[in-house]
Amino acid sequence: MTNLEKYDHLFLTSFKVKPEDLPGLKYQGIPLWDSLGHMDLMGDLEETFGISLGTVDVLDFSSYEKGKEILAKYGVEL
Amino acid sequence: MLSLERWIDPLTESNCYLLGENGRAVVIDPNHPRGPLELLERLGWKPELILLTHEHCDHMAGLEALRRRWPGVPAAATAVCSANLQDKRLNMTQRMEVYLTFRGKPGVSYPPFVCAPAELPYERRWETVWQGHRLQCEALPGHTPGSAGIFLDGDTFFSGDYLIPGEKVILRLPGGSETDYRARTRPFLAQLPPGLRICPGHGAPYTLTGEEWSQDGL
């Protein structure tokens, strides 16, 4: 599985969305991506990619696309 | 005569309860490094036992401070709670700054930390008699895998992060499980008798009417 496939899989399973829903998906844009869902997603990302996200980046992680930029800062290329 | 004191952490709004009798005390959920300790000293109570309702830092941030001040005082917790005290993700300290921001308290510095394991870990149930009072701990997984409720003399129940007035139970923090909650904890809470005094982990104590468990949002 590529990094992008792993990244997408976390969204698909965490938020019960379809692949076509991922572009443009935003924090609080769907019921399951609320504050609790967000913290859960961050934990899963850390576990999947072996990184530790800082508080500022967790709070800045506002969309599916923004998340890709943030992961790149941690050396995770998607 | 038994006294019950409540100390509220202003940051996380969690409750620490102190049971005191004859200058001795039981501490339930030492939620802050200074607050409960200073209250114990002001009251002249020496803690003999610490009980934890679960592993989240807003319920155990003062555990190590009490251990340092009163070496040898044992802490009882579920075995899972004991293990998770040592895990920054599962004890929530790793994400506390984010959590506080979401709760309307941005910009707080909350460095992650861990605690040493409980001296008295138990699996499903543990009880003791202290100063003639019966304390019974019951593992209640769901909010966290290490959660528990604590009965005092059969008429008071320290419910941790269950049965919080006006709040749905939170099952989606790291380690939380709706499956465990539905299978074990919800049925347990549903059979608690009306009239029981509930001392929740957040909010003021109240008397159970028998309907609260159905307000858990599930």
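Refer to the preceding data block for the structure.
Figured I'd write up the structure that's included with this text.

The rules we used
- Residues numbered from 1 in each chain as written.
- Chains lettered and ligands numbered in written order.
- Predicted model: local features only at pLDDT ≥ 70, side-chain atom pairs only at ≥ 80, totals over all residues.
- Contact = placed C-beta atoms within 7 Å.
- Helix = DSSP H or I, 4+ residues; strand = E, 2+ residues; numbered from the N terminus.
- Nonpolar A, V, L, I, M, F, W, Y, C, P; charged D, E, K, R; others polar.
- Pairing = 2+ DSSP bridges.
- Axes fitted to C-alpha atoms, helices over the stretch in contact; angles between N-to-C directions.
- Buried ≥ 20, exposed ≤ 12 C-beta atoms within 10 Å, placed from the backbone.
- Arc of directions from axis to C-beta.
- Expected span 1.5 Å × (residues − 1).

## Focus: the interface of chain A and chain B
Alright, step 1. Taken together, the contact pairs nine residues of chain A with eleven residues of chain B.
Alright, step 2. If you list the elements that add at least two residues to the side of chain A that touches chain B, you get α2 (35-49) and α3 (55-60) of chain A.
Alright, step 3. With six residues, α2 of chain A is the single largest residue contributor to the side of chain A that touches chain B.
Alright, step 4. Of the residues assigned to the side of chain A that touches chain B, the class counts are four nonpolar, four polar and one charged.

## Examining the sheet that holds strand β4 (residues 46-51) of chain B
Residue and element names in this part refer to chain B.
Alright, step 1. The strand order β1-β2-β3-β4-β5-β6 describes an open sheet built from six strands, whose pairing is mixed. Looking at strand neighbours, the two that pair on one side only are β1 (3-8) and β6 (120-122), the edges of this open sheet. Between one strand and the next, the sheet's axes are offset by a mean angle of 20°, whatever the strand orientation.
Alright, step 2. Judged from the five bridges that link them, strand β3 (residues 24-28) and β4 form a sheet pairing that is parallel. The partner of Val-26 across the bridge, within β4, is Leu-49.
Alright, step 3. Each of β1, β2 (15-21), β3 and β4 is contacted by helix α1 (residues 35-43), which is oriented at about 20° to β2, the strand it contacts most.

## What to know about α1 of chain B
All names here are of chain B.
Alright, step 1. Every buried residue belonging to α1 is among Pro-36, Leu-37 and Leu-40, and all of these are buried. Around the axis of α1, the buried residues are gathered within 105° of arc, so they sit on the same side.
Alright, step 2. At its buried positions, α1 is contacted by β1, β2, β3, β4 and α2 (63-69).
Alright, step 3. The first or second residue beyond α1 is Gly-44, which carries a positive phi of 75°.

## Details of α2 of chain A
Alright, step 1. In a regular helix each residue adds 1.5 Å, so 15 residues correspond to 21 Å; α2 of chain A covers 21 Å between its end C-alpha atoms and thus fits that length.
Alright, step 2. For α2 of chain A, the full list of buried residues reads His-38, Met-39, Asp-40, Leu-41, Met-42 and Leu-45 of chain A.

## With respect to the pairing of strand β7 (residues 125-130) of chain B
Residues and elements named next belong to chain B.
Alright, step 1. Bridging between β7 and strand β8 (residues 133-139) involves six bridges; their strand directions are antiparallel. The partner of Trp-130 across the bridge, within β8, is His-133.
Alright, step 2. Hairpin remark: β7 followed by β8, antiparallel, with two residues in the connecting loop; positive phi at Gln-131, about 50°.

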